[in-house]
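Structure assessment
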Amino acid sequence: MAVAYIQEFPIVKGDTSTTNYDAVAKALNLTSAPDGLIVHTAGFDHTDGVFRIFDVWETREQGDRFVNEQLNPVLERFMAEAPEGEFTPPTLDTWYDLHDTMS
């Protein structure tokens, strides 16, 4: 069953730069979609005041594998190296099963 993965980061003081996102993407150095990724999206939702990452994975296991083995090590390193408050964890980090997908 396909699953959705959502992360949301609040827009702080009107900052709509994508510096942190771009740094993580560069560090991941992906040349193709990870195994099981159907779609990855990232962008600002000004109505909710967040930068939202929305992914759809073929299975939760495939998504968890990518997050645990590739994404989290990069995030942990960046958070440890960043000055206080410049690289913060998401305020929403959740998965849910999808009833339907179409592409």
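Preceding block: the structure.
First things first, this report covers the structure right here in the doc.

Basis of the calculations
- Residues numbered from 1 in each chain as written.
- Predicted model: local features only at pLDDT ≥ 70, side-chain atom pairs only at ≥ 80, totals over all residues.
- Heavy atoms only, no water.
- Pairing = 2+ DSSP bridges.
- Helix = DSSP H or I, 4+ residues; strand = E, 2+ residues; numbered from the N terminus.
- Axes fitted to C-alpha atoms, helices over the stretch in contact; angles between N-to-C directions.
- Buried < 20%, exposed > 50% of the residue type's maximum accessible area, 1.4 Å probe, protein only.

This next bit is on the sheet that holds strand β2 (residues 37-45). With antiparallel pairing, four strands are arranged side by side in an open sheet as β2-β3-β1-β4. What marks the edges here is a single partner per strand, and that holds for β2 and β4 (92-97). For this sheet, the mean inter-axis angle between neighbouring strands, taken without regard to orientation, is 15°. Two strands pair when backbone bridges link them, and strand β1 (residues 3-10) and strand β3 (residues 50-57) are joined in this way by eight bridges, in the antiparallel orientation. Its bridge partner lying in β3, Gln7 is registered against Ile53.

Topologically, His99 is positioned in the segment after β4. A residue is classified by how much of its surface remains accessible, and His99, at 83% relative accessible area, is exposed. Considering only alpha carbons, one finds His99 and Val3, 96 residues apart in sequence, at a separation of 8.7 Å.

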